[in-house]
Amino acid sequence: MTTSIDSSMQNPVAAITGSDTTSTDNSAEAPFSPAAVMPEVSALQFSGDPGAMLAALTMATAKSEGDVARQQRDDAMSAQDKSEALEIHDMRDKANLQRVQGVVDGALQITAGLCDLGKGINEAKEVGATGSDLKDDKLRAAWLGGGSAACKAGQSVADGLFNGAITDKDADAKMHAASADAFKRMADDAHDNEKDAKELLTKALDFYKEYVDTKNQTTLAATHRA
């Protein structure tokens, strides 16, 4: 009695991929890609062969997990890029605020200095002045002194406002930096999951090939005994 061997069992890779890889010319053989097996996996799931069905189910699961992990990795990396861009934007805003603060402080200090200078000149005039001239010099000196004090007070207010805005930008930058770090960790985890899914797919293929080889050898042994 002669027992036939299913051609799909003679070459498991060809059975899954639909290609013939029995050639002995290894140099001409194209590298095997696990992704190429997926269109034929659904057929193996309903083949009725327990080993093939188990391998097909494992491969389908591995591909699904790999696709999800890849999408999660891409989304996390995109979010990381946006967070880092926002962090850079906040740092530039802070630098701009510091420059504006410097200009405002400088202008107020110059104005206060001019007021102090004018006050000093008028106070010097008071020494030899009498009557209405003395009164006018004192009045101008008082106004200039008040202007100087107002400029210094304005500088303090401006410094408080600018420093508050700069602190806010520091807080925003730190928040975006923390977000970027979190998204990076998510991307790394997703990358690891994708790698695990690829390894699972490879193991499923190896299992299927070993299963088919064992089945073929059993069939051949039975044929020889017959």
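Residues numbered from 1 in each chain as written. Predicted model: local features only at pLDDT ≥ 70, side-chain atom pairs only at ≥ 80, totals over all residues. Heavy atoms only, no water.

Overview of a nonpolar patch on the surface
Point 1. Residues Ile110, Leu114, Leu117 and Ile121 make up a contiguous nonpolar surface patch of about 410 Å² in total accessible area.
Point 2. For Leu117, a relative accessible area of 53% translates into the label exposed. (Patch = residues over 30% accessible without salt bridge, like charges linked within 9 Å, V, L, I, M, F, W, Y side chains within 5 Å. Areas by Shrake-Rupley, 256 points an atom, 1.4 Å probe, with all protein chains shown as cover. Salt bridge = Lys/Arg side-chain N within 4 Å of Asp/Glu carboxyl O. Buried < 20%, exposed > 50% of the residue type's maximum accessible area, 1.4 Å probe, protein only.)

Observations concerning the nonpolar core
Within soluble globular proteins, side chains that are nonpolar tend to cluster in buried spots.
Point 1. Judged by nonpolar contacts, Leu44, Ala52, Ala55, Ala56, Met59, Ala62, Leu201, Ala204, Leu205, Tyr208 and Val212 together constitute the single largest core of 11 residues.
Point 2. Contributions of two or more residues to this core are made by helix H4 (50-125) and helix H5 (131-225).
Point 3. Aside from chain neighbours lying at most four places away, what touches Ala204 is Ala55, Thr58 and Met59. (Core = buried A, V, L, I, M, F, W, Y, C linked by side-chain atoms within 4.5 Å. Helix = DSSP H or I, 4+ residues; strand = E, 2+ residues; numbered from the N terminus. Contact = heavy atoms within 4.5 Å.)

Considerations on the environment of Thr167
Point 1. Along the chain, Thr167 turns up in helix H5.
Point 2. Since its relative accessible area comes to 49%, Thr167 is described here as partly exposed.
Point 3. Expressed as a C-alpha distance, the spacing of Thr167 and Lys94, which sit 73 residues apart in the sequence, is 8.5 Å.

Side note on the pattern of salt bridges
Point 1. As enumerated under the stated definition, the model contains 12 salt bridges in all.
Point 2. A salt bridge links Asp93 to Lys169; the shortest N-O distance between them is 3.1 Å. Here Asp93, found in helix H4, pairs with Lys169, found in helix H5; they are 76 residues apart in sequence, far enough to count as distant.
Point 3. A salt bridge links Asp188 to Lys184, with the shortest nitrogen-to-oxygen separation between them at 3.1 Å. Separated by 4 residues within a single helix, Asp188 and Lys184 lie in helix H5, roughly one turn from each other.
Point 4. Classification of Asp188 by relative accessible area gives partly exposed; the value is 37%.
Point 5. A residue is classified by how much of its surface remains accessible, and Lys184, at 39% relative accessible area, is partly exposed.
Point 6. Overlapping salt bridges bring together Lys63, Asp67, Arg70, Arg73, Asp74, Glu194 and Lys198 as one network.

Structural notes on the environment of Asn163
Point 1. One can find Asn163 in helix H5.
Point 2. For Asn163 and Gln98, which are 65 residues apart along the polypeptide, the C-alpha to C-alpha distance reads 8.4 Å.
Point 3. Separated by 3.3 Å, the side chains of Asn163 and Gln101 make a polar contact. (Polar contact = N/O pair within 3.5 Å; in protein donor to acceptor, adjacent residues only side chain to side chain.)

What to know about the packing of aromatic side chains
Point 1. In this structure the tally under the stated criterion is 1 aromatic pair.
Point 2. Centre to centre, the rings of Phe207 and Tyr211 are 6.1 Å apart; their planes meet at 20°, and the pair counts as stacked. Placement of the pair is Phe207 and Tyr211 together in helix H5, with a separation of 4 residues, close to one helical turn. (Phe/Tyr/Trp six-rings, centres within 6.5 Å; stacked < 30°, edge-to-face > 60°.)

Topic: a negative patch on the surface
Point 1. On the surface, Glu65, Asp189, Asp192, Asp196 and Glu199 cluster together into a negatively charged patch.
Point 2. The leading source of residues in the negative patch is H5, at 4 residues.
Point 3. Judged by its relative accessible area of 45%, Asp196 falls in the partly exposed class. (Lys, Arg positive; Asp, Glu negative; His and termini not counted. Charge placed at Lys NZ, Arg CZ, Asp CG, Glu CD.)

Concerning the confidence of the model for the protein
Point 1. Confidence in the prediction for the protein averages 77 pLDDT; 77% of positions are at 70 or higher.
Point 2. Counted against residues more than four places away or in other chains, residues 1-39, with its pLDDT under 50, gives 53 contacts. (pLDDT = per-residue confidence, 0-100.)

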